[in-house]
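Residue-level structural notes
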Amino acid sequence: MIAQQLINGVMLGSIYVLVGVSFTLAIGILNFLNFSIPGLFMIGGMVSWVLLTQGWHWAAAIGAALAAAALVSLAVEQLSYRRTRGADPEVPLVSSLGFLVLLENLVLVGVGSDQQTFPSLLGDFNFRIGGLVIGAAQAISLVLTFALVVGLSFVLGRTNLGRQIRAIAESRSTAVLLGVDVGRLVPKIFVLTALFTALGGVMFALSYLQVSPFMGEGVGFKGVAAMIIGGMGSVWGAVIGGLIIGLIEVGSIWAFGADTVNIAVYGSLLLLLILRPHGLFGKPAIREKL
Amino acid sequence: MSAILSVSDLTVAYGGVTALDGVSLSVEEGEIVTVLGANGAGKTTLLLGIMGAVPAMRGRIQFRDADLSRARPHTRLAKGLVLVPEGRQVLVSLTVEENLLLGAHLRRDRQAVRSEIAAIYERFPNLGQRRHTAAATLSGGEQQMVAIGRAMVARPQVLMLDEPSLGLSPLFVSKVFDLIQEMNRSGLTIVLVEQNTGKALSVAHSATVLELGKVAVAGPCDALRNDHRLLEAYLGGSAESSGDPQPMRVGSQ
Ligand SMILES: Nc1ncnc2c1ncn2[C@@H]1O[C@H](COP(=O)(O)OP(=O)(O)OP(=O)(O)O)[C@@H](O)[C@H]1O
Ligand SMILES: [Mg+2]
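Residues numbered from 1 in each chain as written. Chains lettered and ligands numbered in written order. Predicted model: local features only at pLDDT ≥ 70, side-chain atom pairs only at ≥ 80, totals over all residues. Heavy atoms only, no water.

Quoted interface sizes are often the accessible area lost when the parts come together. At the interface, 15 residues of chain A touch 22 residues of chain B. Both sides together, the interface formed by chain A and chain B hides about 1800 Å², and carbon and sulfur atoms give 59% of it. Here B:Glu98 ties to A:Arg166 by a salt bridge, and the two come within 2.8 Å at their closest N and O atoms. Linking chain A with chain B are 10 residue pairs in polar contact (both at pLDDT 80 or more), by the criterion used here. Of all elements in the fold, only helix 6 (160-170) and helix 7 (172-177) of chain A reach the threshold of two or more residues within the side of chain A that touches chain B. (Contact = heavy atoms within 4.5 Å. Buried area = accessible area lost by both parts, 1.4 Å probe. Salt bridge = Lys/Arg side-chain N within 4 Å of Asp/Glu carboxyl O. Polar contact = N/O pair within 3.5 Å; in protein donor to acceptor, adjacent residues only side chain to side chain. Helix = DSSP H or I, 4+ residues; strand = E, 2+ residues; numbered from the N terminus.)

Looking at where A:Ile27 falls in the secondary structure, it is placed in helix 1 (residues 2-30). The sequence separation of A:Ile27 and A:Gly233 amounts to 206 residues, and the corresponding C-alpha distance is 6.2 Å.

Moving on: the pairing of strand 10 (residues 214-220) of chain B. Residues and elements named next belong to chain B. Of the pairings in the sheet, the one linking strand 9 (residues 206-211) to strand 10 comprises six bridges and is antiparallel in character. Bridge pairing in strand 10 links leucine 210 to valine 215. Linking two consecutive strands that pair antiparallel, namely strand 9 and strand 10, is a turn of two residues; a positive phi of about 50 degrees is found at leucine 212 within it. (Pairing = 2+ DSSP bridges.)

All right, on to the site of ligand 1 then. All names here are of chain B. Taken together, 13 residues lie around ligand 1, and Gly40, Lys43, Thr44, Thr45 and Glu86 are the ones closest in. With respect to ligand 1, the side chain of threonine 44 contributes an N or O atom lying 2.7 Å from an oxygen atom. Glutamate 163 is positioned with one of its side-chain polar atoms (N or O) 3.1 Å from an oxygen atom of ligand 1. Protein contact buries 57% of the 620 Å² of open area that ligand 1 shows by itself. Broken down by class, the residue content of the shell around ligand 1 amounts to four nonpolar, six polar and three charged. (Near = heavy atom within 4 Å. Areas by Shrake-Rupley, 256 points an atom, 1.4 Å probe, with all protein chains shown as cover. Nonpolar A, V, L, I, M, F, W, Y, C, P; charged D, E, K, R; others polar.)

All right, on to the nonpolar core then. All names here are of chain A. Counting 79 residues, the largest nonpolar core has Val21 and Leu30 as the members making the most contacts within it. Tallying contributions element by element places helix 8 (residues 182-208) first for this core, with 14 residues. Among all residues touching leucine 30, those that are not within four sequence positions of it are Leu25, Tyr81, Arg172, Val186, Ile189 and Phe190. (Core = buried A, V, L, I, M, F, W, Y, C linked by side-chain atoms within 4.5 Å. Buried < 20%, exposed > 50% of the residue type's maximum accessible area, 1.4 Å probe, protein only.)

Take helix 3 (residues 96-103) of chain B next. Counting buried positions over the eight residues of helix 3 of chain B gives eight, a clear majority of the element. Listed in full, the buried residues belonging to helix 3 of chain B are B:Val96, B:Glu97, B:Glu98, B:Asn99, B:Leu100, B:Leu101, B:Leu102 and B:Gly103.

The next point concerns the coordination of the magnesium ion (ligand 2). Tetrahedral coordination by four donors places them ideally at 109.5 degrees to one another around the metal; octahedral coordination by six donors ideally gives 90 or 180 degrees. At 1.9 to 2.3 Å from the magnesium ion (ligand 2) lie its protein donor atoms, namely B:Thr44 (OG1) and B:Glu86 (OE). You can see B:Thr44 sitting in helix 1 (residues 43-51) and its partner B:Glu86 sitting in the loop between strand 6 (81-84) and helix 3, a full 42 residues away along the chain. (Donors = N, O, S within 2.8 Å, 3.2 Å for Na, K, Ca; no water.)

A separate point is the pattern of salt bridges. Opposite charge on two side chains lets them pair, provided their charged atoms get close. This structure, assessed with the given rule, holds 16 salt bridges over all chains. Between A:Glu77 and A:Arg82 there is a salt bridge whose closest N-O contact spans 2.8 Å.

Turning next to the sheet that holds strand 5 (residues 66-67) of chain B. All names here are of chain B. As summarised here, the arrangement of the four strands in space is 2-1-4-5, forming an open sheet in which the pairing is antiparallel. Edge positions in the sheet fall to strand 2 (17-28) and strand 5, since each of these pairs with one other strand and no more. Across the sheet, helix 1 is in contact with strand 1 (3-14), strand 2 and strand 4 (58-63); its angle to strand 1 comes to roughly 115 degrees. (Axes fitted to C-alpha atoms, helices over the stretch in contact; angles between N-to-C directions.)

Right, let's talk about helix 1 of chain B for a bit. Residue and element names in this part refer to chain B. Counting buried positions along helix 1 gives eight out of nine residues, so the element sits mostly inside the fold. For helix 1, every residue scored as buried is listed here: Lys43, Thr45, Leu46, Leu47, Leu48, Gly49, Ile50 and Met51. In the stretch just after helix 1, glycine 52 is the one whose phi turns positive, near 80 degrees.

With that settled, the discussion passes to the sheet that holds strand 8 (residues 189-193) of chain B. All names here are of chain B. Pairing within the open sheet is mixed, and its six strands lie in the order 6-7-8-3-9-10. Bordering the open sheet on either side are strand 6 and strand 10, each of which pairs with just one other strand. Neighbour to neighbour, the strand axes of the sheet diverge by 15 degrees on average, direction disregarded. Pairing between strand 6 and strand 7 (residues 158-162): four bridges, direction parallel. Looking at the pairing, leucine 83 lines up with methionine 160 of strand 7.

These values are about where atoms sit, not about what they do.
So, in structure tokens, the structure goes:
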């Protein structure tokens, strides 16, 4: 039935939202198309899987996975972003892509390339409302995603920290002149994007009960698509974009079967870009910043 | 009197090209110092060097009894060195109010910040009416008021302004100069970079003229106003670039 598909689409979309928002923050604030993000997503899922199989408590395993992603993201900042800033924008992009491949293959060497089954922490628990079935993991990821995005948008829009971040987004040199400690804020932004992304990876693992070294790729590209659909640099645009992709994906599976997913998602993306080259919420001349 | 800010031997290069070559500047507490010079003379670089926003190859920045030569920009700002940057640099994606709040981001006394911002709105009702609209929609003159307001809520001890009258209508030019004099009368020390030499010399107490990154002339304004070397030093660059041997009248009143 349609309502159930809508719910499934929104739940799946919430994962893309987390990844899309991370890409948006990186491009909007730092002007950095950070392709290590799918790797951070994978680290979220894989590290929590490894630690769970070693008998760690779920909270400790997830916490450690998030911390690992944050550390890797700081390494990306140091090695990939900071060193290549001032070069053409393609250089940090390619460098971060190198990080993604490196991370995937390091994990592959560590645990093999097989798809692994993630333990079902929440059992078969689910909510039934009317005739609708909502899995507990999906419901948690949806609620958590929205809480995080609302919190993020409050911080960006209403706080001192948010104004400083938006100043960096508009003009780093002006931010410096206004006394914004850019050197200290930028690593924090890398940590923030890592936490969002890795949490997406954990939620994905909890919801779909599988992880692999390459789990970040498909989701990562859809996260980029979510960002582009929303109009690069707009947080709420990325939220809408992520939900739209989730809905298209679930809708196309339901209507035409699993093989058509990517055709539907990326076909729609192409069509949208032909009709609206700046995405749904992007502005042509002045690109909206966050 | 003792210098509140003293710059000595400041040298800044952009990728091997020296833009500022051993410049010294001493600013007494409570005075207006104007820094003059042709396009490319190094005026902006001097202010950026004082803020620590460009790396200095050599030189010393002394503020009261603190040596700030190695301090980063936010530390210098916290000490009271505040810049109204060239071209205003109002953040156009932020609202008027957000720009003003951003100016005060290092302060913790929010109540006082709020009332200072309210005072700015009272002084410039246009800004008050448009406090929640994007600064992009303001005129150049209004943006300059936001830029000065944003600097004032940072509680400057030395306020540096980089060509604040550039590109403004005559009405706003006189508003800017009135404001500068008013702020100075209430005790604020000001470093004013200007192309509008006549106006700058009429409000300032002392002047420093830069030429090709070096100090060409420096001294009290009374003495410099009729000094021919000042005219030559100041006009050297622009007369050269326009190919016009006829000296312009500067500082006439
Ligand atoms: N970011 C930069 N990179 C390279 N060279 C620069 C840079 N900024 C300034 N310069 C050069 O340094 C010299 C001094 O420039 P500066 O902007 O300080 O001059 P100015 O006196 O402020 O000029 P104007 O009146 O045009 O504002 C000029 O030769 C300029 O071309
Ligand atoms: Mg200048």
